[in-house]
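One-letter residues, chain by chain:
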Amino acid sequence: MITTTKPDTRTLITIAVAVIGALSAARALRPSWEVPAPTGENLAEERLQDFRDALYFPIREFLAGGNPYDPAAMFEHWPVRQNFNLYQPYHLVLHLPFALPEYRIGAIAFTLASLVLLGVLGLLAARQAKLPLVLGTVVIGALLVTSQVGKAQLYVGQVNPLIAVGAAAALLARSSHPRVAALGLAVAWLKPQFGLPLAILLFARGSRRVALGGTVIAALASLPVVGLLVYRGGGVGPFLDVISVNLAHASGTSYGAVDSVTAQRVDLPAVFFRVTDWLPPAAELTALVGVLAATAYLARKLDRGDSDSRSVADLITAVGAVVAVVHQPGDVLIAVPAMAAVAVVCWRRRKERDWRITGFAVVALLVPFAHLYFVNSAIIGLFGRRVDVTVDGVAIVVAWVLLVVVAARKRA
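Remember, it's a predicted structure, so these values are computed and weren't measured experimentally.

The description of two packed helices rests on the angle between their axes and on the distance between the axes. Packing of helix H18 (residues 353-365) against helix H21 (residues 385-409) brings their axes to within 8 Å, and their N-to-C directions diverge by 160 degrees. It follows from the interaxial angle that H18 and H21 lie roughly antiparallel. For the pair H18 and H21, the crossing hand works out as left-handed. Where H18 approaches H21, its residues Arg353, Asp354, Ile357, Thr358, Phe360, Ala361, Ala364 and Leu365 are matched on the opposing element by Ala395, Ile396, Ala399, Leu402, Leu403, Val406 and Arg409. For the contact of H18 with H21, a count of residues per class yields 11 nonpolar, 1 polar and 3 charged.

Next up, the structure:
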């Protein structure tokens, strides 16, 4: 007699969510094979614009013997709209395989790699939240690729999925596997606005080997590239002049300036300016020092508590890194594993006041993920474009403030 076993509910849910996630992934991948080859006439093309401006053509400039950090050279030689910001020099070698083939092939390969990394981030989030590994990974991965933050990574070709995985490894493995954590931090250093605050906060939380090791690995990986650029440019002085010009150019753009009303920056000084129309003197430096100092102190305090409190310490570390220095909405991706872990704890301990407040912080952090196209259109229609580019930043800053309140209330 042949018997069959009915699939359990968890398996059916996993399959159903996987199908939904696959459909969302297919839709999110479409821009990579539909985007036209870049020319001087289609610089306004948003599909894969970060892949174009911050990866493909900077690496092509590097291979051609130039300095991609020089805005003038990039704008003269290649069809780019934005200058190449100060990514770690090792980025030019790490992502070399995606810049060698024809543009569209490189774009498709890079987007597929980013999709895989979002899946890995979902796996790390499920593990940190102690969810059923397969179901948790599928659910979180599907939510990521369906969310605005997840789709934006694939639509514009950002490197944030790799950085988020690196940051997650640094936070998750800092005690159990410090070498893995150091390598993760080195990956997060790909963008210094991630690496610097994370290194400082990890050092302050007692993970000094991880903070120093990850920083040294990133520096050593970049040193050969820097040496080559210095040699090509005629010495250290001319190279530093190019870096100075690069910083000046970035700070004066409509998307990068702290006092821009159209920038989608979510760090504290930029959000404060768009809300109040006032920028205090030395606002960016003050925010960097103040936010990191408060975050470090409170994260150390939370580390002395139970495992639930340590999950909040990871969350306030990730959010503090985003609020402290120039960041955009998609950069909150680094907080996903800690968000998942804290969300589970908040549900389990929902009757406790502090955990309800923490839950509100998690909900606030979900705002950028829920900022889909129809939400974007509704906000613009009702309140205007300035509110639309400000709401994500306000939500993230509010989340950090709520986490500060909760941490400050905790007994050491």
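As enumerated under the stated definition, the model contains 15 salt bridges in all. Here arginine 265 makes a salt bridge to aspartate 267, at a shortest N to O gap of 2.7 Å. On the accessibility criterion, arginine 265 (3% relative accessible area) is buried. When the shortest N-O distance is used, the salt bridge between arginine 265 and glutamate 284 registers 2.9 Å. On the criterion of sequence distance, the pair formed by arginine 265 in the loop between helix H13 (236-251) and helix H14 (268-276) and glutamate 284 in helix H15 (residues 283-303) is long-range, its members being 19 residues apart. Here the salt bridges share partners, and the residues they tie into one network are Asp306, Asp308, Arg348, Arg349 and Glu352.

When the UniProt feature table is mapped onto this chain numbering, "transmembrane region" (unreviewed entry) sits at residues 103-124, 131-149, 180-204, 210-231, 278-299, 360-383 and 389-408. From the first C-alpha to the last, residues 103-124 spans 31 Å; its make-up is 100% helix and 0% strand. Annotated as 84% helix and 0% strand, the span residues 131-149 places its first and last C-alpha atoms 22 Å apart.

Turning our eyes to something else, we now look at the packing of aromatic side chains. Aromatic ring pairs: the centre-centre distance and the angle between the two ring planes describe each pair. Tallying each qualifying case throughout the model produces 11 aromatic pairs. Taken together, a centroid distance of 5.0 Å and an interplanar angle of 35 degrees make the contact between tyrosine 69 and phenylalanine 84 tilted. Of this pair, tyrosine 69 sits in the loop between helix H2 (49-63) and helix H3 (71-77) while phenylalanine 84 is found in the loop between H3 and helix H4 (91-94), placing the two residues 15 residues apart along the sequence. Relative to phenylalanine 110, the ring of phenylalanine 98 lies with its centre 5.4 Å away and its plane at 80 degrees, an arrangement referred to as edge-to-face. A residue pair is termed long-range when its members are at least 10 positions apart, and phenylalanine 98 in helix H5 (residues 96-99) and phenylalanine 110 in helix H6 (residues 103-128) qualify at 12 residues. Note on accessibility: phenylalanine 98 and phenylalanine 110 belong to one class, buried. An aromatic cluster is built from Phe51, Tyr56, Phe57, Trp78, Phe98, Tyr103 and Phe110, whose rings are joined through pairwise contacts. One residue, arginine 350, lies across the ring of tryptophan 347, its end atom 4.0 Å from the ring centre.

Further remarks concern the confidence of the model for the chain. Caution applies to low-pLDDT parts of the model: their predicted coordinates are not meant to be read in detail. Put simply, the chain has an average pLDDT of 91, and 97% of its residues get 70 or more. Scored below 50 in pLDDT, residues 1-5 shows 0 contacts in the model against residues more than four places distant or in partner chains.

Before going further, it helps to spend a moment on the environment of glycine 141. Position of glycine 141 among the secondary structure elements: in helix H7 (residues 133-146). Its relative accessible area of 15% is what places glycine 141 among the buried residues. Sequence spacing of glycine 141 and leucine 292 is 151 residues, and the spatial spacing of their C-alpha atoms is 30 Å.

You can see aspartate 308 is positioned in helix H16 (residues 307-324). In this structure the C-alpha to C-alpha distance between aspartate 308 and arginine 349, which are 41 residues apart in sequence, comes to 9.9 Å. Leaving out residues up to four positions away in the same chain, aspartate 308 has contacts with Val345, Arg348, Arg349 and Trp355. Within the structure, the side chain of aspartate 308 is placed 2.7 Å from the side chain of arginine 348, a separation counted as a polar contact.

Rules behind the numbers
Residues numbered from 1 in each chain as written. Predicted model: local features only at pLDDT ≥ 70, side-chain atom pairs only at ≥ 80, totals over all residues. Heavy atoms only, no water. Axes fitted to C-alpha atoms, helices over the stretch in contact; angles between N-to-C directions. Helix = DSSP H or I, 4+ residues; strand = E, 2+ residues; numbered from the N terminus. Parallel < 35°, antiparallel > 145°, perpendicular 65-115°, else oblique. Left-handed = near helix turned anticlockwise from the far one by under 90°. Contact = heavy atoms within 4.5 Å. Nonpolar A, V, L, I, M, F, W, Y, C, P; charged D, E, K, R; others polar. Salt bridge = Lys/Arg side-chain N within 4 Å of Asp/Glu carboxyl O. Buried < 20%, exposed > 50% of the residue type's maximum accessible area, 1.4 Å probe, protein only. UniProt positions renumbered as here; feature names shortened; annotations may be inferred. Phe/Tyr/Trp six-rings, centres within 6.5 Å; stacked < 30°, edge-to-face > 60°. Lys NZ or Arg CZ within 6 Å of the ring centre and 35° of its normal. pLDDT = per-residue confidence, 0-100. Polar contact = N/O pair within 3.5 Å; in protein donor to acceptor, adjacent residues only side chain to side chain.

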